[in-house]
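Next come the chains, spelled out residue by residue.
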Amino acid sequence: MQKQLSKTYEPSEAEARIYADWERGGYFHAQIDSEKQPYTIVIPPPNITGQLHMGHALDNTLQDILIRWKRMMGYSALWLPGTDHASIATEAKIVARMKEEGLTKEDLGREGFLKRAWEWKEVYGGRIIQQLKKLGSSCDWERERFTLDEGCNRAVNTVFVRLYEKGLIYRGERMINWCPHCLTSISDAEVEYTEKEGHFWHLRYPFSDGSGDIQVATTRPETMLGDTAVAVNPEDERYTAFIGKTVILPLVGREIPIIADSYVEKDFGTGAVKITPAHDPNDFEVGIRHGLPVINVMTEEAVINENGGKYAGLSRFDARKSVLADLDAGGFLLKTEPMKHNVGVCYRCQTVVEPLISKQWFVKMAPLAAPAVEAVKKGETRFVPERFGKIYLHWMENIRDWCISRQLWWGHRIPAYYCGCGEVIVSARKITGCPKCGGKVTRDPDTLDTWFSSALWPFSTLGWPENTEDFNYFYPTDTLVTMYDIIFFWVARMIFSGLEHTGQVPFKTVFIHGMMRDELGRKMSKSLGNGPDPLEEIEKYGADALRFSLVTGNSPGNDMRYYAEKVEASRNFANKLWNAARFILMNLGENPPPPYLPDDLRIEDKWVLSKFNRVAGEINENLEKFELGLAVEKIHNFAWDVFCDWYIEVSKTRLREDGQAVENVAAVLVWVMNGIARLLHPFMPFITEEIWQTLPHTGETVMLAPYPQFDPALDFSAAEQNFERIMAAIQAIRNLRAEMKVPPSKKAHVTIATEFGELFEACAPYITRLASASGVTVAKSFSGEGYARAVTPDAVAYLPVDELCDPAAETARLQKELDSARAQLATVNAKLQNESFTQKAPPTVVENQRETAKRLEQVIKKAQEALNSLGSSV
RNA sequence: GGACGCAUAGCUCAGCUGGUUAGAGCGCUCGCUUCACACGCGAGAGGUCCACGGUUCGAGUCCGUGUGUGUCCACCA
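Residues numbered from 1 in each chain as written. Chains lettered and ligands numbered in written order. Predicted model: local features only at pLDDT ≥ 70, side-chain atom pairs only at ≥ 80, totals over all residues. Heavy atoms only, no water.

**Let's talk about the overall build of chain A**
Then, in step 1: When helices and strands are tallied, chain A shows 25 helices and 29 strands.
Then, in step 2: Relative to the compact-globule value of 29 Å for 874 residues, chain A shows a C-alpha radius of gyration of 37 Å, a clear excess of over 25%.
Then, in step 3: Across its three principal directions, the C-alpha atoms of chain A cover 115 × 60 × 55 Å.
Then, in step 4: When the 874 residues of chain A are sorted by exposure, 54% land in the buried category. (Helix = DSSP H or I, 4+ residues; strand = E, 2+ residues; numbered from the N terminus. Rg over C-alpha atoms; globule rule 2.2 N^0.38 Å. Buried < 20%, exposed > 50% of the residue type's maximum accessible area, 1.4 Å probe, protein only.)

Take a look at the structure:
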């Protein structure tokens, strides 16, 4: 049965249908198969609150390309999907929604709130999954997971208990980063530093004995309410006499000491620093070293508390103004200078974080980081591009303990219980009574950092801590595909977690891509509204076009701009393929042609097969090296420039011949088109399936068809070279005609003088067709009087000159060609005459240059002859 | 204060371990209803590969310095 294809490809109609067929066929499902090698990718789980954006589109396109390629290579390829509960982000959204209804978390209580959160998950968790499907993602949906599901919870509890028992998780009172908006602690990694215009205020603290004062400088004057010392550098001669003295803290009246600590830099500010142990990480350390009192002057909302005296109740920023005004009034403010300084903000809500002392749970990092450093140094896990490995190592080598407890409800609850007797019980199973005294225990109200559960994602999703078949077969995973912004948050933590809990790295390669930016190079953001919606683009151009445009020109680790024009170009390419397939289909008889007969292959058949073969080999190499941008460019060039522009054009002549010639050319057309469909399938999954299904094929789906590989039997370099002689002649004739402004409708009889008589004779019909000739005569030589000449290294084509051709222009044209060839030859000869070149350069390179020289000499000879005969004829 | 990326055609970008006449897409110019495709066909124009120095027979590619630009890390109050 022959199927007729419409003139333009309609992706919106085809994609949904094809995706449904794939799902129905179960092709996404990876089977455990001891005959096959596994290839595993776990998805970076998108947030349940999220909507698909261009960054997701890129990330998932890259993953899908790799997984589809490996699947076609015969691997048991598993792409394991899922979503992330994203504790802070999700909780914040739910709280905001509740606020619109006039509700607070406390109104609902923990149970009620969690019920709402799970409802939210049900509504929105599925949304992004549907969007991933629109992109064509071939995830194994039967294995879909959620970071807060039961299995992940089991893994989290197991890990927590295990680390606790090893002493790698501890609870303690430390200075942590606190977000006064999210009302939770956050880790160091979750603080972003932004440079802000601030001030440097110089203050005067009078000595208690009235003998003068000492000047300090600060960017946060409101914290002076909690000052418990002034520190100077012990080496600083200006101040050595004052060490041990005390000052009276202005506005507060507290007597505080002047201490010496080498942390203070002599040359910065005034050389004397006010010390607020409760509100600055450095001051905290200084406080410990000197046994200073810690006076917390702020609430969790960053409002001055009762320790702040008259300023109690003011926000930290209002308190700053008020304190400054009072200091100024009291003559304590000496100088105000503008200063740029780094301010830490919460990565979720951009609120300025407040360093606070608080009792939290921590992961002790040093013992976990050491093997994670080693693994990357030894190359057990490799970063692509490599430079990100250095960034990872630098971070890992300087890591500090990880604050993992969060004062949130949406997340994995910390499996720790406290008894009135002072006993702390950490248990994966719920407990009710204290094992020591039998008293009632209360569970820690806090939850864990979202990234604590994502850190386990590569193995928790495969069934760990159970010793499952999936885990044994698919772990460690192969490739992790993600953007550079979450190397610390996620990648690093997966690596040390994998090593600690499974004894193996969680993945062999980390493939890092850049950020999608808008057409002006700006970051895409919701507030700017500059991020095109991938779903709209898919609707408009098709998922294939979007995917293709996202990998074209993409190089690992580099950012990329989004251009609708680029997607349009990709859409045009898809349409080009569509029409190539249409052309083939229109020319097939009732029955599919039998495979081509190798002995009957003509030169152009060998040419196209050889080209295809080489490109297939190269593309596999590129994919192996994660050079997806290069791979996609090669397929594009082959399909368009080689196959469509030349082979199909040549085939048109042959399809009008009889018998075996037709069958064979049809067979080659089908073979190559089928090959293109397979080669391109990972990049453009939908249209390639549609084309593959329409043309003769074996198998159910192109998804499971073998990926083209280099085949030595298809390497016809001699034929390639010969057909290129023909192509060169055709191009030269076209060029000549264009310069003479001859319209294509005006055919001319072409005479070709060449040494390759047999070759040109055989290809004469193609030359006739592709060079707009009325006919072709091949000769050993030709006098050429009154003719224009198209010169190639192997032939001179003569076109009859009529009134359209200006002999003077023709002379100039030939002269130009001659000059250019001579100039090139001069540089090549210079190289060849250079002895150090011929001696030191690799033989192949020298040989190359020799051939180039030969070719150029030919051109010069031919052009010279042509010029001479033209001269004689004018 | 460290570390890193980028600087190549009008625009956006490729260019792997040094050797091609430096490429692509878009844009531009000229010509074309050539029986798959105007989402097309054919022919073109357009580049001191940021600057300077070095290594080499040979550098867009490697090294150094500088300029511009971007990012990450870092406790200078």
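That was the structure; now back to the text.
**Overview of the sheet that holds strand E6 (residues 184–186)**
For sheets, the rule is that strands pair by backbone hydrogen bonds, running either parallel or antiparallel.
Then, in step 1: With respect to topology, 4 strands assemble into an open sheet ordered E6-E5-E14-E16, the strand pairing being antiparallel. Because the sheet does not close on itself, it has two edges, and the strands there are E6 and strand E16 (402–403).
Then, in step 2: As paired strands, strand E5 (residues 169–179) and E6 are joined by 3 bridges and run antiparallel to one another. Bridged to tryptophan 178 within E6 is serine 185. (Pairing = 2+ DSSP bridges.)

**Here we look at the side chain of threonine 482**
Then, in step 1: Looking at where threonine 482 falls in the secondary structure, it is placed in strand E22 (residues 477–483).
Then, in step 2: A relative accessible area of 3% places threonine 482 in the buried class.
Then, in step 3: The residues contacting threonine 482, other than those within four sequence positions of it, are Pro44, Asp59, Trp490, Val491, Phe511, Ile512 and His513. (Contact = heavy atoms within 4.5 Å.)

**Digging into the environment of cysteine 346**
Then, in step 1: Tracing the backbone through its elements, the reader meets cysteine 346 in strand E13 (residues 333–346).
Then, in step 2: Between the C-alpha atom of cysteine 346 and that of threonine 240, which follows or precedes it by 106 residues, the distance is 40 Å.

**A word on the pattern of salt bridges**
Then, in step 1: The tally for this structure, following the rule as stated, stands at 44 salt bridges.
Then, in step 2: The residue aspartate 140 makes a salt bridge to arginine 143 at a minimum N-O spacing of 2.4 Å.
Then, in step 3: Salt bridges sharing common partners tie together Arg220, Glu222, Arg316, Arg320 and Glu354. (Salt bridge = Lys/Arg side-chain N within 4 Å of Asp/Glu carboxyl O.)

**Structural notes on the packing of helix H1 (residues 11–25) against helix H20 (residues 685–694)**
Then, in step 1: Where H1 meets H20, the closest approach of the two axes is 10 Å, and the angle between their N-to-C directions is 80°. Accordingly, the angle class assigned to the pair H1 and H20 is roughly perpendicular. Where H1 abuts H20, its residues Ala14, Glu15, Arg17, Ile18, Tyr19 and Trp22 lie against Pro685, Phe686, Glu689 and Glu690.
Then, in step 2: For the contact of H1 with H20, the per-class residue count stands at 6 nonpolar, no polar and 4 charged. (Axes fitted to C-alpha atoms, helices over the stretch in contact; angles between N-to-C directions. Parallel < 35°, antiparallel > 145°, perpendicular 65-115°, else oblique. Nonpolar A, V, L, I, M, F, W, Y, C, P; charged D, E, K, R; others polar.)

**A short note on the protein's contact with RNA strand B**
Then, in step 1: Close contacts around RNA strand B come from 56 residues, with Lys576, Asn579, Arg582, Asn735 and Lys840 the closest.
Then, in step 2: Taking the atoms of RNA strand B that fall within 4 Å of the protein, sugar and phosphate contribute 57% of them.
Then, in step 3: The set of elements that each furnish at least two residues to the surface near RNA strand B consists of helix H9 (387–397), helix H16 (564–586), helix H18 (628–654), helix H21 (717–739), helix H24 (835–840) and helix H25 (843–873).
Then, in step 4: Examining the composition of the surface near RNA strand B, we find that 10 residues originate from one element, H16, more than from any other.
Then, in step 5: Classifying every residue of the surface near RNA strand B gives 22 nonpolar, 16 polar and 18 charged. (Near = heavy atom within 4 Å.)

**Things to note about the packing of aromatic side chains**
Then, in step 1: Counted by the stated rule, this structure contains 39 aromatic pairs.
Then, in step 2: Measuring from centroid to centroid gives 4.9 Å for phenylalanine 207 and phenylalanine 242, while their planes differ by 50°, and the two rings are tilted. Of this pair, phenylalanine 207 sits in the loop between strand E7 (191–206) and strand E8 (213–218) while phenylalanine 242 sits in the loop between strand E9 (229–232) and strand E10 (246–248), and the two are 35 residues apart along the sequence.
Then, in step 3: On the numbers, 6.2 Å between centres and 80° between planes, the contact of tryptophan 402 with phenylalanine 496 is edge-to-face. Placement of tryptophan 402 in strand E16 and of phenylalanine 496 in helix H13 (residues 487–502) is noted, with a sequence separation of 94 residues between them.
Then, in step 4: On the accessibility criterion, tryptophan 402 (4% relative accessible area) is buried.
Then, in step 5: Judged by its relative accessible area of 4%, phenylalanine 496 is buried.
Then, in step 6: One Lys or Arg, lysine 121, reaches over the ring of phenylalanine 146 and ends 4.4 Å from the middle of that ring. (Phe/Tyr/Trp six-rings, centres within 6.5 Å; stacked < 30°, edge-to-face > 60°. Lys NZ or Arg CZ within 6 Å of the ring centre and 35° of its normal.)

**Let's talk about the sheet that holds strand E19 (residues 424–426)**
Then, in step 1: Strand order in this open sheet of 3 strands is E19-E18-E20, and the pairing throughout is antiparallel. Edge positions in the sheet fall to E19 and strand E20 (441–443), since each of these pairs with one other strand and no more. In this sheet, adjacent strand axes meet at a mean angle of 30° when their direction is disregarded.

**Here we look at the nonpolar core**
Then, in step 1: If you look at the biggest cluster of nonpolar residues, it comprises 194 residues, and the most contacted ones within it are Phe383, Tyr392, Met396, Phe452, Val608, Phe643 and Phe683.
Then, in step 2: Per-element tally for this core: the top contributor is H18, with 13 residues.
Then, in step 3: The residues touching phenylalanine 452, leaving out its near neighbours within four places in the chain, are Val156, Val159, Phe160, Ile169, Val363, Trp402 and Ile404.
Then, in step 4: Counting 28 residues, the second-largest nonpolar core is a separate cluster that includes Tyr239, Leu249, Ala302 and Leu327. (Core = buried A, V, L, I, M, F, W, Y, C linked by side-chain atoms within 4.5 Å.)

**Quick look at the state of the cysteines**
Then, in step 1: Summed over the entire model, instances satisfying the criterion amount to 0 disulfides.
Then, in step 2: Looking at the unpaired cysteine 152, the closest cysteine sulfur is the one in cysteine 139, lying at 16 Å.
Then, in step 3: Judged by its relative accessible area of 2%, cysteine 152 is buried. (Disulfide = S-S within 2.5 Å.)

**Side note on the environment of glycine 82**
Then, in step 1: Take glycine 82: it is sitting in strand E3 (residues 82–83).
Then, in step 2: Spatially, the C-alpha atoms of glycine 82 and isoleucine 128 are 9.8 Å apart, while their sequence positions differ by 46 residues.
Then, in step 3: Apart from the residues lying within four places of it in its own chain, the contact partners of glycine 82 are Ile43, Pro45, Pro46, Glu144, Arg145 and Trp457.

**Quick look at the side chain of threonine 653**
Then, in step 1: With respect to the helices and strands, the residue threonine 653 is situated in helix H18.
Then, in step 2: Sequence-distant contacts of threonine 653, that is, excluding residues within four places in its chain, are made with Pro765, Tyr766 and Arg769.

**With respect to helix H7 (residues 316–329)**
Then, in step 1: Relative to the 20 Å expected for 14 residues at 1.5 Å per residue, H7 spans 20 Å between its end C-alpha atoms, a close match to the ideal helical length.
Then, in step 2: Of the residues making up H7, those classed as buried are Arg316, Ala319, Arg320, Val323, Leu324 and Leu327. Taken down its axis, H7 places every buried residue within 130° of arc, on the same side. Facing away from the buried side of H7 by more than 90 degrees, the exposed set consists of Lys321 and Ala329.
Then, in step 3: At its buried positions, H7 is contacted by E7, E13 and strand E14 (354–363).
Then, in step 4: One or two steps after H7, the chain reaches glycine 331, where phi turns positive at roughly 80°. (Expected span 1.5 Å × (residues − 1). Arc of directions from axis to C-beta.)

**Here we look at the pairing of strand E29 (residues 795–800)**
Then, in step 1: Burial of E29 is extensive: 5 of the 6 residues sit out of reach of the surface.
Then, in step 2: The pairing of strand E26 (residues 748–754) with E29 spans 4 bridges and is classified as antiparallel. By the bridge assignment for E29, threonine 751 is matched with tyrosine 798.
Then, in step 3: Hairpin connection, strand E28 (residues 787–791) to E29: the antiparallel pair is bridged by 3 residues.

**A word on H16**
Each α-helix turn comprises 3.6 residues. Residues three or four places apart therefore point the same way.
Then, in step 1: Taking 1.5 Å of rise per residue, 23 residues should cover 33 Å, and H16 covers 33 Å from first to last C-alpha, within 8% of that figure.
Then, in step 2: As for H16, its buried residues are in contact with helix H14 (534–541), helix H15 (543–551), H18, helix H19 (660–680) and H20.

**A few points about unusual backbone geometry**
Then, in step 1: A cis geometry characterises the amide bond from valine 384 onward to proline 385, with omega recorded as -5°.
Then, in step 2: Tracing the backbone shows proline 385 in the loop between strand E15 (382–384) and H9.
Then, in step 3: In this chain, tyrosine 475 is followed by proline 476 through a cis amide linkage whose omega measures -5°.
Then, in step 4: Along the chain, the position of proline 476 falls in the loop between helix H12 (469–474) and E22.
Then, in step 5: Although it is not a glycine, leucine 183 adopts a positive phi angle of roughly 55°.
Then, in step 6: Inspection of the secondary structure assignment puts leucine 183 in the loop between E5 and E6.

**A look at the confidence of the model for chain A**
Caution applies to low-pLDDT regions: their predicted coordinates should not be interpreted in detail.
Then, in step 1: With 98% of its residues at a pLDDT of 70 or more, chain A has an overall mean of 92.
Then, in step 2: Note on the complex model: pTM 0.94, ipTM 0.95. (pLDDT = per-residue confidence, 0-100.)

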